[in-house]
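Structure at a glance
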Amino acid sequence: MAHIFASIKESLTSVLPIALIVLILSVTCITLDAGVLVLFLFGTILLILGISFFTVGSGISMEPLGDGIGKSLNKKAKLFLPLVICFVLGFIITVSEPDLQVLAEQVPTIPNSFLINCVGIGVGIFLSITLIRNKKEIPLRKLLVIFYALIIILAFFAPKEFIPTAFDSGGVTTGPITVPFIMALGAGLAASKKGKNSGEHSFGLVALCSIGPILSVLLLSIFYKPLPSTSVYEIADIKTTTEAFRQFAKALPIYAKEVGLAFVPIILLFVIFQIITKRYKPHNIFKMSFGFIYTYIGLVLFLTGANVGFMPAGRLIGAEIASSSFKYLLIPIGMLMGYFVVTAEPAVHSLKRQVNDITNGAITQKSVAVALSIGVSASVGISMLRVLTGISIMPFLIFGYAVSIIISFFVPSIYTGIAFDSGGVASGPMTSTFMLPFAMGACEALGGNLMTDAFGIVAMIAMAPLITIQILGLYERQIHARKVKKLHTEISMIKDDILFFDREDNINE
């Protein structure tokens, strides 16, 4: 229980800033219905509890499972069977991701199961590619250059209405279930590596697995020829706190079932892995079982709070500001909310903890958090500019990915892996249930095109950390170089002093 209380304290610091921003806006420049505000406050409580349980649970269940599978795959001399296992793992984990259900509902004329399976196949293929990269020690930046060049080329042939959705899918797919498992799998695969480059191979799996969904949706939009959708999210008419409570009571069993179905293949995977390898001792199994329960409870509470409490508030805030005489306030307000909203993403806590552990504290959790917040803040500002002006997302994506790949040649490889992993981690359920509705509400109020103007905010949020985390790497590299130079100078001065005193001693003799 001590871990839970410590995690609740951390969750409070993550969620309260965005809650305070909404409350301040509701009594200053916008008008929120009392019922919507109550929904938001209830949702805030569920978010805090959900993140707390999820953080503790994933740390003692999903991460050990991924690490164990990664280490077992490394022991296989031949590649065929591990590649098949990686493909199956990627597919299972992806179709289990609750955020993918949200994406499937947004893509018109394509059956949800068909879209989810295609995205799962994409992730499975790229998880297999990460195994090849690990075995052959292929530089991450080389693969990123090749695959993002392919993505940009395909984007020119895809319908413009679906380019933002395709790039959004890369961020949505790497959600709270996928990220802890895949990152731990990377740590397990890298465990056999020795020397200074061993830590680099722990990162980059999320980055590569984010590419699969983008390619899948782009190919679907090219060959399936879907039609754009104008469907919008409907906000319930809440008048009293009792009605607000009923909304949560009605939604809780739905998300409990949804997350439960998502957990079935993961639990089966755990059972089969244990039967085959007998890796975990009884006390480990007992501990991990409680971890899965904590993770399940955390996800149910989090998704209920985010979808029922945060989504209507985000949509109304966006619509209210866009309808006012000060519509350009969308940019600074969006940037402020973006700065804090990323800290409430469940998977961000897993990323920060693993970065700190693998680098032995050389890259601190605080530095990663600040770099993520700055990147997300800038990306939301650009997204709001797109909502206001209708500018295409393609120039921003091409420029952003080009800059991030260029920077990758000047920073230590471990920063490139962390940066590209951070993109998938930052664009989680908080983005899809609060920032996306915020953009959609503003876009509708301004009479814009939802598919081209509002969608794409997830893609922008996923892209910005690629630059800011690597800039952090450049800064840390400069600091390290200055320290080394200072140390050399001090050593040189000490040597000069020794030589001076030796000469003095010789003269005196």
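Higher on the page you've got the structure.
Since we're looking at a predicted model, the values are computed, not measured.

1. Considering the pattern of salt bridges
Scanning the entire structure with this criterion turns up two salt bridges. Between K71 and D67 there is a salt bridge, and its shortest N-O distance comes to 3.1 Å. Pair noted here: K71 and D67 are both in helix 3 (residues 62–74), with a separation of four residues, about one helical turn. For K71, a relative accessible area of 29% translates into the label partly exposed. Among the ionic pairs, E444 bridges to R315, the shortest N-O distance being 2.9 Å. Separated by 129 residues along the polypeptide, E444 in helix 18 (residues 429–446) and R315 in helix 12 (residues 282–323) bring together distant segments of the chain.

2. Some words on helix 8 (residues 163–173)
Buried residues dominate helix 8, accounting for 11 of its 11 residues. Among all positions in helix 8, only I163, P164, T165, A166, F167, D168, S169, G170, G171, V172 and T173 are buried.

3. Focus: the nonpolar core
Membership of the largest hydrophobic core comes to 113 residues, with the highest contact counts inside it found for L65, I69, F181, F434 and M435. Among the elements that line this core, the one with the most residues is helix 12, at 14 residues. In this structure M435 touches G334, M337, G338, V341, V380, M430, I457 and I461, once residues within four positions along its chain are discounted. Within the second largest apolar cluster, 39 residues are counted, among which are L140, L144, Y148 and L208.

4. Section: the packing of helix 13 (residues 330–341) against helix 15 (residues 365–389)
A pair of packed helices is characterised by two quantities: the angle between their axes and the separation of those axes. Contact geometry of helix 13 with helix 15 gives a least axis separation of 7 Å together with a crossing angle of 150°. Relative to helix 15, the element helix 13 lies roughly antiparallel. Considering only the axes of helix 13 and helix 15, their crossing is right-handed. Where helix 13 abuts helix 15, its residues L330, I331, G334, M335, G338 and Y339 lie against S373, I374, V376, S377, A378, V380, G381, M384, L385 and L388. Grouping the constituent residues of the contact of helix 13 with helix 15 by class yields 11 nonpolar, five polar and no charged.

5. Focus: the environment of E345
If you trace the backbone, E345 turns up in the loop between helix 13 and helix 14 (346–358). Residue classification places E345 among the buried positions, given a relative accessible area of 1%. The sequence separation of E345 and P429 amounts to 84 residues, and the corresponding C-alpha distance is 6.9 Å. When neighbours within four sequence positions are excluded, E345 is seen to be in contact with V425, A426, S427, G428, P429, M430 and T431. Here the side chain of E345 touches T431 through a polar contact of 3.0 Å, landing on its backbone nitrogen.

Rules of the game
Residues numbered from 1 in each chain as written. Predicted model: local features only at pLDDT ≥ 70, side-chain atom pairs only at ≥ 80, totals over all residues. Heavy atoms only, no water. Salt bridge = Lys/Arg side-chain N within 4 Å of Asp/Glu carboxyl O. Helix = DSSP H or I, 4+ residues; strand = E, 2+ residues; numbered from the N terminus. Buried < 20%, exposed > 50% of the residue type's maximum accessible area, 1.4 Å probe, protein only. Core = buried A, V, L, I, M, F, W, Y, C linked by side-chain atoms within 4.5 Å. Contact = heavy atoms within 4.5 Å. Axes fitted to C-alpha atoms, helices over the stretch in contact; angles between N-to-C directions. Parallel < 35°, antiparallel > 145°, perpendicular 65-115°, else oblique. Left-handed = near helix turned anticlockwise from the far one by under 90°. Nonpolar A, V, L, I, M, F, W, Y, C, P; charged D, E, K, R; others polar. Polar contact = N/O pair within 3.5 Å; in protein donor to acceptor, adjacent residues only side chain to side chain.

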